[in-house]
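Spelled out from the first residue to the last, the chains are:
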Amino acid sequence: MGVLTERCASVHPGTLARPSDQATCGEQRLQILLTVFFCLLYLLTVNGRLVNRDAESVFQVTRSLVEHRTFTVPEASVFIAAVGPRGTDGDSLSFATETARRGADGRSYSMYGLGQSLVAIPLYAAGKVLQPLVGVESAVFTRLLASLLNAIVTALTVLLLYRCGRLLGYAVRPSLLLAVGYGLASMAWPYAKSFAGEPLTGALLLLGFFALQRSLDAREANRGRWLVLSGAAHGFVLLVRISSGIALPVAVLYLLWRLVALRRRGGVGLSWLLWRLLLWGGPVGVGLALVAAYNLVRFGDPLSTGYQSIAWNVPPQVGLYGLLLSSGKGVFWYNPLLLTSLVGLAFMLARRRRVGLYILALALVWIGFHSPYRFWEGGWSWGPRLLLPIVPFLILPLGELFCTAWRTLDLSNRESGVRGRMPMLLVAAARRTVPLLLAIGLVIQVTAVGADYTRYLWATSQQHPEAAYARLVYEPAGSPLLWQPVAFIEVMANVMRPGGLEQMRLDVAERALKHTQDGLDEDGRGVALLDDTMVVGLNIPDFWFILLPIFGAPMPVAVVGVALLVLLLGMAGVGLRRQLRAMTEPDVKRGRVVT
């Protein structure tokens, strides 16, 4: 892995170390360049469309809020059938999903949380302003801008993961490894192209954890503000996805545990503890109240979320095996770095017991909650979509493998939690596998980024209608991981064929004319447009700069946009490398390194 700065503090197991209260100018510059690099990368590789009906339903709420100041969605988006690899009865290939429901007032409302729709408002508004400059229909461009949300959110999650590593006392390079591993070699990259709610859910949970850690640092001057921020993140995530509330007990118990320990150590009163619980719990309560109010407005019942087909009727061992190890959905196959991260978690439990237990408890609760869920596989998605929010937490212990303080542990000391020489050999072996797993993870994600991963799922459902579910989820020979490169080669062949793109453009223009002749209003054209972009997107490399010209954008606009993003991406990459070298060379010269 090259030369790693040996700056990981030798601290008592279970305690935290932070390099400094104020980041240096060099570190701030590194963080800015890291964020800019991943933001540009994700913006370059987004597909510029909404990939399913669920995303369309969330988008329609954003549109209604901006255009009509209401939560209702148009009739055209109600009761649309979505296709998935698992039927409601186990025999059928498809299941009907309602993306919206009739409310108490007889109007239609999305069945999904309000949070993501709120966050997407600035992007939708920007799409309305910039659309005349691009020359494509407003329905196309506003969806393109809205689809950028997860690109930005995922880039910020990469930054947050780096900062979590630094907060735990990891050196610059190990912390950067965590961030890059998540950003490039996990399923976070394919989902940065989507309009799914999981990336925002994961970002908010990680922000809540980071702010909670800052609030518990005795050297932190603004502990109260960090507590409020942590509570706000945990409260807002409920607006995005109400099921995220399963993370609240873990956070509450962790906070109580830490506050009681601080109270005993500092000799402070009970009022001190209660005040800090209120600072954290107040924003969470506001989030719950907003969820209840939104439900009341829509369905006349604060407890009615809109979901009608949810159930936890799958044998837990089935979902557990599927989420962790199945060839088509296993989280370790889609995120190979997690294999070595498990070793890191063992050492984290020995050296940073409280943080390790937080991550372990969150993972067990999250996986245990979704294992018996009726649709644990997350429908037609890349890997175990429902586990994406905890992937950054699971990657975080990887930093322990490159935290050289483990060398200073007395392996015979019971407090270290480590005995014998075998753990040293295990860490050495795990560290040496990280480059290989990084490369494998990168290849896996690049194929999913380059072509719509539902192309293979659709083809399998048509070729093996009765056995599609078993083939896609449980049979190694039918795993999407093996066939996604084939899908990428196929879509590349489509655009390389003479006249292929031009024929697609003519087909789209013909369908647009038909939509107009049918008298569809903007709402109806928007839903019809979703079908059009899905059909086109399945047959081309899954990038916005290929999609937009097919839907009427001038080719020079796409070329200039790509050239500008590539130029800025290269500059950010060079700057990031130089800044990293400038920050680590002084330590290398002093000999404070480990190879």
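Higher on the page you've got the structure.
To keep things clear, this report deals only with the structure shown in the data block. Every value quoted in this text rests on a predicted model; they were computed, and no experiment measured them.

A few words now on empty space enclosed by the protein. A full pass over the atoms with the stated rule returns four cavities of 30 Å³ or more. Computed from the structure, the largest cavity encloses a volume of approximately 90 Å³. In terms of lining residues, the largest cavity is bounded by 14 residues, among which Lys329, Ser381, Leu457, Leu472 and Pro480 are the most central. Considering only residue class, the lining of the largest cavity consists of nine nonpolar, four polar and one charged.

So, about the side chain of Ser479. Residue position: Ser479 is located in the loop between α20 (468-473) and α21 (480-496). Among the residues examined, Ser479 registers a relative accessible area of 3% and is labelled buried. What Ser479 contacts, discounting residues up to four positions off in sequence, is Ser327, Gly328, Tyr456, Arg471 and Leu472.

Counted according to the given criterion, the structure contains 22 aromatic pairs. With centroids separated by 5.9 Å and ring planes inclined at 35 degrees, the aromatic side chains of Trp382 and Tyr453 adopt a geometry described as tilted. In this pair, Trp382 is assigned in the loop between α16 (353-370) and α17 (391-395) and Tyr453 in the loop between α18 (422-450) and α19 (454-463), connecting sequence segments 71 residues apart. Comparing Trp382 with Tyr453, the two get one shared label, buried. A centroid spacing of 5.6 Å and a plane angle of 85 degrees characterise the contact between Trp544 and Phe545, whose relative ring orientation is edge-to-face. Classification of Trp544 as buried rests on a relative accessible area of 12%. A relative accessible area of 22% places Phe545 in the partly exposed class. A cation over a ring is seen here: Arg101 above Phe299, with NZ or CZ 4.6 Å from the ring centre.

A word on helix α6 (residues 149-167). Between the first and last C-alpha of α6 there are 27 Å, a value that for 19 residues agrees with the 27 Å anticipated at 1.5 Å per step. Of all 19 residues in α6, 16 are buried, a share of seventy percent or more.

Attention now moves to the environment of Lys193. Tracing the chain through its elements places Lys193 in the loop between α8 (188-192) and α9 (198-215). Spatially, the C-alpha atoms of Lys193 and Arg49 are 8.8 Å apart, while their sequence positions differ by 144 residues. For Lys193, the contacting residues outside a window of four places in its chain are Thr45, Val46, Asn47, Ser147, Val449, Asp542 and Phe543.

A few words now on unusual backbone geometry. Look at Arg69: it is not a glycine, yet its phi comes out positive at around 55 degrees. With respect to the helices, strands and loops of the structure, Arg69 is situated in the loop between α2 (53-67) and β2 (100-102). Judged by its relative accessible area of 67%, Arg69 is exposed.

Bringing the environment of Thr584 into the picture now. Tracing the chain through its elements places Thr584 in helix α25 (residues 555-589). For Thr584, a relative accessible area of 2% gives the class buried.

Core analysis: the largest hydrophobic core is formed by 154 residues, its most contacted members being Tyr42 and Phe195. Every residue in contact with Tyr42, bar those within four places of it in the chain, is listed here: Ala151, Thr154, Ala155, Val158, Gly183, Trp189 and Ala192.

Before going further, it helps to examine helix α12 (residues 270-299). In this model α12 runs 41 Å from its N-terminal to its C-terminal C-alpha over 30 residues, within 8% of the 44 Å that 1.5 Å per residue would give. A maximum bend of about 30 degrees is found in α12 at Gly281, where proline Pro283 lies one to four positions downstream.

A word on the packing of helix α10 (residues 223-240) against α12. Closest axis-to-axis distance for the α10/α12 pair is 7 Å, and the angle between their directions is 20 degrees. One way to sum up the angle between α10 and α12 is to call them roughly parallel. Note on packing geometry: the crossing formed by α10 with α12 is right-handed. Taken together, the residues of α12 that come into contact with α10 (itself represented by Gly224, Leu227, Val228, Ser230, Gly231, Ala232, His234, Gly235, Leu238 and Leu239) are Arg276, Leu279, Trp280, Pro283, Val284, Gly287, Leu288, Leu290 and Val291. Considering only residue class, the contact of α10 with α12 consists of 12 nonpolar, six polar and one charged.

The rules behind these values
- Residues numbered from 1 in each chain as written.
- Predicted model: local features only at pLDDT ≥ 70, side-chain atom pairs only at ≥ 80, totals over all residues.
- Heavy atoms only, no water.
- 1 Å grid on protein atoms, 1.4 Å probe; cavity = no way out; pocket = protein on both sides within 12 Å on 5 of 7 lines; lining within 4 Å.
- Points joined across faces, edges and corners; volume = space filled by probe spheres on them.
- Nonpolar A, V, L, I, M, F, W, Y, C, P; charged D, E, K, R; others polar.
- Helix = DSSP H or I, 4+ residues; strand = E, 2+ residues; numbered from the N terminus.
- Buried < 20%, exposed > 50% of the residue type's maximum accessible area, 1.4 Å probe, protein only.
- Contact = heavy atoms within 4.5 Å.
- Phe/Tyr/Trp six-rings, centres within 6.5 Å; stacked < 30°, edge-to-face > 60°.
- Lys NZ or Arg CZ within 6 Å of the ring centre and 35° of its normal.
- Expected span 1.5 Å × (residues − 1).
- Core = buried A, V, L, I, M, F, W, Y, C linked by side-chain atoms within 4.5 Å.
- Bend = angle between axes of the 7 residues up to and from the residue.
- Axes fitted to C-alpha atoms, helices over the stretch in contact; angles between N-to-C directions.
- Parallel < 35°, antiparallel > 145°, perpendicular 65-115°, else oblique.
- Left-handed = near helix turned anticlockwise from the far one by under 90°.

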